[in-house]
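One-letter residues, chain by chain:
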Amino acid sequence: MKREGRGSFWVAIGCVALLIFNRIFARQATSFLFNYETSPLNILAEARNILVVAVLFCLACWAVTALLDGESTMKNVVMLFGYATLPISLTGIPVTIFTNIATYNESVFIGFFQFLGMAWCVFILFMGLMSLNQYSALKALGVAFVILVTAGIIVFV
């Protein structure tokens, strides 16, 4: 993204929009056996929840890396977050469709693929944090912890 100039800001925004669609689609299309949501669907609230997390992560990451000798810009951080959310959508949409043909005994597969998408997302975020800011793995792990603490402080304030 940074060295070769690849990646697009608008594609990253599209990935976040796909994540919002994925969440709304999952709330509506998940089979009743696996749908644990009891509240009625509010599309704006679902979109707001995802956008709040995105803005919170991007602000906290940019602020922390700016203070700790990072080399990334806010645009790079937004692009990193957008591209990192793609695996959640890539696994989430097929899993939602699968819930309509799966039995309750096959719920372990659903949980596995949901975990796989989330783990893949976290891995991309971590590797992107290392790559964009030229951090070692240990420093990136420490910075990731500080980012989480900073996000908590932002929410608290």
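This text goes with the structure placed above it.
Analysis parameters
- Residues numbered from 1 in each chain as written.
- Predicted model: local features only at pLDDT ≥ 70, side-chain atom pairs only at ≥ 80, totals over all residues.
- Heavy atoms only, no water.
- 1 Å grid on protein atoms, 1.4 Å probe; cavity = no way out; pocket = protein on both sides within 12 Å on 5 of 7 lines; lining within 4 Å.
- Points joined across faces, edges and corners; volume = space filled by probe spheres on them.
- Helix = DSSP H or I, 4+ residues; strand = E, 2+ residues; numbered from the N terminus.
- Nonpolar A, V, L, I, M, F, W, Y, C, P; charged D, E, K, R; others polar.
- Buried < 20%, exposed > 50% of the residue type's maximum accessible area, 1.4 Å probe, protein only.
- Phe/Tyr/Trp six-rings, centres within 6.5 Å; stacked < 30°, edge-to-face > 60°.

**Q** Account for the layout of surface pockets, naming residues and giving values.
**A** Computed from the structure, the largest pocket encloses a volume of approximately 1,200 Å³. Lining the largest pocket we find 41 residues, and of these Leu19, Ile88, Gln114, Met118 and Cys121 sit closest to its centre. Of all the secondary-structure elements, those providing two or more residues to the lining of the largest pocket are α1 (9–29), α2 (43–67), α3 (74–84), α4 (86–98), α5 (107–133) and α6 (137–156). Sorting elements by how many residues they give to the lining of the largest pocket places α5 first, with 11 residues. Classifying every residue of the lining of the largest pocket gives 24 nonpolar, 13 polar and four charged.

**Q** Give a description of α3 that names residues and reports values.
**A** Burial analysis of α3 places eight of its 11 residues in the buried class, the great majority of the element. Taken together, the buried positions of α3 are Asn76, Val77, Val78, Met79, Leu80, Phe81, Gly82 and Ala84.

**Q** A description of the packing of aromatic side chains should follow, citing residues and the corresponding values.
**A** Counted under the stated rule, the structure contains five aromatic pairs. Taking the centre distance of 5.3 Å and the plane angle of 80° together, the rings of Phe9 and Trp10 count as edge-to-face. An angle of 15° between the planes, with centres 5.8 Å apart, marks the rings of Phe21 and Phe25 as stacked. Of this pair, Phe21 and Phe25 both sit in helix α1, four residues apart, which is roughly one turn of that helix. On the basis of relative accessible area, Phe25 is assigned to the partly exposed category, the value being 24%.

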